[in-house]
2 protein chains.
Amino acid sequence: MVRPTDSTQPRTIKEIAAVAGVSKSTVSRVLNDTPGVSPKARELVRSAIEATGYQPNRAARSLVTRATGSIGLVVSEAHARIFSDPFFASMVRGATQVVRPLGIHLVLMLAEDQRARDQLLEYLRHGHVDGVLFVSTHAADPLPRILVAERLPVVLSGRPVSRLQVSYVDVDSVAGAGLAVEHLLELGRRRIATIAGPQDMPAGQDRLRGFTEALAAHGVRPGPVAYGDFDRGSGARAMEELLASGAPFDGLFVASDLMALDALAVLREHALRVPEDVAVVGFDDSVAATQARPALTTVRQPVEEMAKALTLTLLDRIKDPDAPITSRVFPPKLVRRAST
Amino acid sequence: MVRPTDSTQPRTIKEIAAVAGVSKSTVSRVLNDTPGVSPKARELVRSAIEATGYQPNRAARSLVTRATGSIGLVVSEAHARIFSDPFFASMVRGATQVVRPLGIHLVLMLAEDQRARDQLLEYLRHGHVDGVLFVSTHAADPLPRILVAERLPVVLSGRPVSRLQVSYVDVDSVAGAGLAVEHLLELGRRRIATIAGPQDMPAGQDRLRGFTEALAAHGVRPGPVAYGDFDRGSGARAMEELLASGAPFDGLFVASDLMALDALAVLREHALRVPEDVAVVGFDDSVAATQARPALTTVRQPVEEMAKALTLTLLDRIKDPDAPITSRVFPPKLVRRAST
DNA sequence: TTGTATGCGTTATCAA
DNA sequence: TTGATAACGCATACAA
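Residues numbered from 1 in each chain as written. Chains lettered and ligands numbered in written order. Predicted model: local features only at pLDDT ≥ 70, side-chain atom pairs only at ≥ 80, totals over all residues. Heavy atoms only, no water.

**Student:** Give me the lowdown on the protein's contact with DNA strand C, citing residues and values where you can.
**Tutor:** The immediate surroundings of DNA strand C are formed by 26 residues, with Ser25, Arg29 and Ser38 of chain A together with Ile13 and Tyr54 of chain B found nearest. A breakdown of the atoms of DNA strand C within 4 Å of the protein gives sugar and phosphate a share of 61%. Contact distances for DNA strand C include 2.5 Å between a base nitrogen and a side-chain N or O atom of Arg29 of chain A. Separating a phosphate oxygen of DNA strand C from a side-chain N or O atom of Arg61 of chain B is a distance of 2.9 Å. The set of elements that each furnish at least two residues to the surface near DNA strand C consists of α2 (24-31) and α4 (58-65) of chain A together with α2 (24-31) and α4 (58-65) of chain B. Across the surface near DNA strand C, the residue classes break down as 11 nonpolar, 11 polar and 4 charged. (Near = heavy atom within 4 Å. Polar contact = N/O pair within 3.5 Å; in protein donor to acceptor, adjacent residues only side chain to side chain. Helix = DSSP H or I, 4+ residues; strand = E, 2+ residues; numbered from the N terminus. Nonpolar A, V, L, I, M, F, W, Y, C, P; charged D, E, K, R; others polar.)

Dropping the structure here:
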């Protein structure tokens, strides 16, 4: 029985070369999948690496390649918002899954306020990361634009507001709102209200548009509309507003599920039953919130899958900075409330 | 008007040396605050750095110092749990504030399941980070113990279950529960129930103990007790249990505020008014949840401050691995519900 | 297909 | 108090 790894870390390429009986260069070539290596030599090196548990030294590699092996995960949003939103959890999980087997570091970067944003910009400019993953739904953020201008590889989750030469992934909000409306129609509801999101954000716009268009497609007049800002709390206000308006409705589509949770609470406070009196469908930005108490039918985003795609896109872009801009729009899925 | 920074990044120590009219060594000494440098030379270098916007190359530095300039933020817990818990938000904010001005990377590492944990362990063993910040309240996690054994600097948020030679910060849960009880007593409540946390976790134990002891100190008999696991959902079950038990109560202390939110919802479902029928105090692990709808009196942790302390402790430990083990216990604060 | 030699930017050792 | 100079571990241009 031999200890496979010494407690002393410093295995080097040289050591592997010695074990494999080749030169350092050959080891390096194998490590980087450089073409011109004989299968025999390649195998020799492979097993030497296997046997010693060797892992290349990031710093040394960085020094010569000018790459850091890290990518930034920038969250330019109020923390409380982000972390109370499990959407972020799934993003991180997806990104991590892609990044970990590659030995790439996912560096957490927060930019809550202007001061933090300035610091962050300075930091990113200094080449501390090879690329940046933006997980921010607030589209007014100037950071992506600046970084793109500086030619730092950048990808976004969520369609950017204005024309920006940057790849992104997004959920098909229009289709999602359509799913919600169709579900409500199937339930026989004909007076369908909505709590829409902010209209200066693409997600807010699209979900309202999807709502309106789907109703129109079925020849049904839309019910009352109130607006929130996607956050917890704003849904309650909007819900109160809808109820106060006096306009009757028997179905409700809520453009975010944090707002939907509020809506449910307010409906209950007003002694309205769900779904008997009002059938509610929420747009699911946050998986866990509804998992906890699955009282809500939701339009669910494949967030984790989206995160993986996003991360892979960034890595591609880092490899080839002149890769074409891509955008992938994922279809959401209707998840019915538990029959409880 | 001169552009302070070229678009080309690669400023080096050599360049600074040339500008300042000294040798590379002197620049390096200034950079690292090495004693033996004349004030004049130091000033020369300082201004050269200032003028050029120079930042040392991490990789080159790493290569020779054998330090990475990164610390890991390990979250060994189900994502959904963590990210639905704004406690984590404040932890990250605090850590970031300490780390950013120092140019240290906060690398996000998730260890949801066993497979991920194994991978992570391997990763950490390979010296990818200089130290590890554990933000995990689950104390059964074997990772800290293993890493401590491997002599990797480690600090914990939350007291570890068993004896472990590791520094930590924690909130004074006993005192916090006491605050809750005293508040309820001041409100004139005498039949005080509790939804306690899991008794295999220090926080769960301490909060129940604080509850019991505070009541005893005031000569009041404790009301019924039900148990949850701190998570959303478990609070609802516990609340139902309390109500089903038939034991009367007019006050309630809930050991986590996710459970407290559940409790509020269930009370409302049962047409019980808060605080008229039952006065509720939650233990606040998550600031934002209660900020959103401040319907709850809570015992609040100074999470951000704790995170700063934790991070500083880790940095100290990295500097001096033989530094004494420390533990800091922070006092929580009672935050009354809005008068709405 | 392989090996040798050079340099990446920094710290650290040694002489001056 | 300072300045040459030798590592650090790797990728790569070039020679073989």
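Don't stop here, the text continues.
**Student:** Give a detailed account of the UniProt feature "domain: HTH lacI-type" (unreviewed entry) in chain A, specifying residues and quantitative values.
**Tutor:** Per the UniProt entry, the sites bearing "domain: HTH lacI-type" (unreviewed entry) are residues 11-65 of chain A in this numbering. Taken as a whole, residues 11-65 of chain A contains 69% helix and 0% strand, while its terminal C-alpha atoms sit 20 Å from one another. (UniProt positions renumbered as here; feature names shortened; annotations may be inferred.)

**Student:** Quick one: what's the story with the protein's contact with DNA strand D, residue by residue and with numbers?
**Tutor:** The immediate surroundings of DNA strand D are formed by 26 residues, with Ile13, Tyr54 and Arg61 of chain A together with Arg29 and Ser38 of chain B found nearest. Near the protein, within 4 Å, the atoms of DNA strand D are sugar or phosphate in 64% of cases. At 2.7 Å from a phosphate oxygen of DNA strand D is found a side-chain nitrogen or oxygen belonging to Arg61 of chain A. A distance of 3.0 Å is found between a phosphate oxygen of DNA strand D and a backbone nitrogen or oxygen belonging to Ser23 of chain B.

**Student:** Tell me about the packing of aromatic side chains, and please be specific about residues and values.
**Tutor:** Residue and element names in this part refer to chain A. Under the defined criterion, the tally for this structure stands at 3 aromatic pairs over all chains. A centroid spacing of 6.2 Å and a plane angle of 15 degrees characterise the contact between Phe211 and Phe253, whose relative ring orientation is stacked. Pair noted here: Phe211 is in helix α10 (residues 202-217) and Phe253 is in strand β8 (residues 251-254), with a separation of 42 residues, a long-range link. Under the relative-accessibility criterion, Phe211 is labelled buried at 0%. Note on Phe253: relative accessible area 1%, which makes it buried. (Phe/Tyr/Trp six-rings, centres within 6.5 Å; stacked < 30°, edge-to-face > 60°. Buried < 20%, exposed > 50% of the residue type's maximum accessible area, 1.4 Å probe, protein only.)

**Student:** Please provide a residue-by-residue account of the sheet that holds strand β8 (residues 251-254) of chain B, values included.
**Tutor:** Residues and elements named next belong to chain B. Across the sheet, 6 strands lie side by side as β7-β6-β8-β9-β10-β12; this open sheet has mixed pairing. Every interior strand has two partners, whereas the edge strands, β7 (225-227) and β12 (333-335), have only one. For this sheet, the mean inter-axis angle between neighbouring strands, taken without regard to orientation, is 20 degrees. Strand direction decides the pairing type here: β8 and strand β9 (residues 279-284), joined by 4 bridges, are parallel. Residue pairing in the sheet places Gly251 in a bridge with Ala279 of β9. Its contacts with the sheet put helix α10 (residues 202-217) on β6 (192-196), β7, β8 and β9, and the angle it makes with β6 is roughly 165 degrees. Packing against the sheet, helix α11 (residues 234-245) makes contact with β6, β7 and β8, and its axis sits at approximately 150 degrees to β6. (Pairing = 2+ DSSP bridges. Axes fitted to C-alpha atoms, helices over the stretch in contact; angles between N-to-C directions. Contact = heavy atoms within 4.5 Å.)

**Student:** Kindly report on helix α3 (residues 39-52) of chain B, identifying the contributing residues and their values.
**Tutor:** All names here are of chain B. Between its first and last C-alpha atoms α3 spans 20 Å; for 14 residues at 1.5 Å apiece the expected length is 20 Å, and the two agree. Every buried residue of α3 is accounted for by Ala41, Arg42, Val45, Ala48, Ile49 and Thr52. Around the axis of α3, the buried residues are gathered within 130 degrees of arc, so they sit on the same side. Turned more than 90 degrees away from the buried face of α3, the exposed residues are Pro39, Lys40, Glu50 and Ala51. (Expected span 1.5 Å × (residues − 1). Arc of directions from axis to C-beta.)

**Student:** Which residues make up helix α14 (residues 303-319) of chain B, and what values go with them?
**Tutor:** The first and last C-alpha atoms of α14 of chain B sit 24 Å apart over 17 residues, in line with the 24 Å expected at 1.5 Å per residue. The set of residues buried in α14 of chain B consists of Val303, Met306, Ala307, Ala309, Leu310, Thr311, Thr313, Leu314, Leu315 and Arg317 of chain B.

**Student:** Can you tell me about the confidence of the model for chain A, naming the residues and giving the values?
**Tutor:** A low pLDDT means the predicted coordinates there should not be read in detail. Residue-level pLDDT values for chain A average 87, and 90% of them are 70 or greater. Throughout residues 1-9 of chain A the model reports pLDDT below 50, and contacts reaching past four residues in sequence, or to other chains, amount to 9 contacts. (pLDDT = per-residue confidence, 0-100.)

**Student:** Can you tell me about the pattern of salt bridges, naming the residues and giving the values?
**Tutor:** When their charged atoms lie close together, side chains carrying opposite charge are able to pair. Residue and element names in this part refer to chain B. Tallying each qualifying case throughout the model produces 22 salt bridges over all chains. Among the ionic pairs, Asp33 bridges to Arg42, the shortest N-O distance being 3.9 Å. On the basis of relative accessible area, Arg42 is assigned to the buried category, the value being 17%. With its nearest N and O atoms 3.2 Å apart, the salt bridge here joins Glu304 to Arg93. You can see Glu304 sitting in helix α14 and its partner Arg93 sitting in helix α6 (residues 87-99), a full 211 residues away along the chain. Using a relative accessible area of 25% as the deciding quantity, one classes Glu304 as partly exposed. (Salt bridge = Lys/Arg side-chain N within 4 Å of Asp/Glu carboxyl O.)

**Student:** Quick rundown of the nonpolar core? Include the residues and the values.
**Tutor:** Among the nonpolar cores identified, the biggest contains 88 residues, and Leu73 and Leu133 of chain A together with Leu73 and Leu133 of chain B are the most heavily contacted of them. The contact partners of Leu133 of chain A, leaving out residues within four places of it in the chain, are Ile71, Gly72, Leu73, Val74, Ala95, Leu106, Val155, Leu310, Thr311 and Leu314 of chain A. Judged by nonpolar contacts, the second largest core, of 38 residues, contains Val107 and Leu121 of chain A together with Met109 and Val166 of chain B. (Core = buried A, V, L, I, M, F, W, Y, C linked by side-chain atoms within 4.5 Å.)

**Student:** Quick rundown of the pairing of strand β5 (residues 167-171) of chain B? Include the residues and the values.
**Tutor:** Residue and element names in this part refer to chain B. Across the 5 residues that make up β5, a large majority, 5, are buried. Of the two faces of β5, the one holding Ser167, Val169 and Val171 and the one holding Tyr168 and Asp170 are both buried throughout. In this structure, strand β4 (residues 154-157) lies alongside β5, joined through 3 bridges in parallel fashion. Bridge assignment links Ser157 to a residue of β5, and that residue is Val169. One ladder, built from 4 bridges, connects β5 with strand β11 (residues 327-330); its direction is parallel. For Val169, the partnering residue across the bridge sits in β11 and is Arg328.

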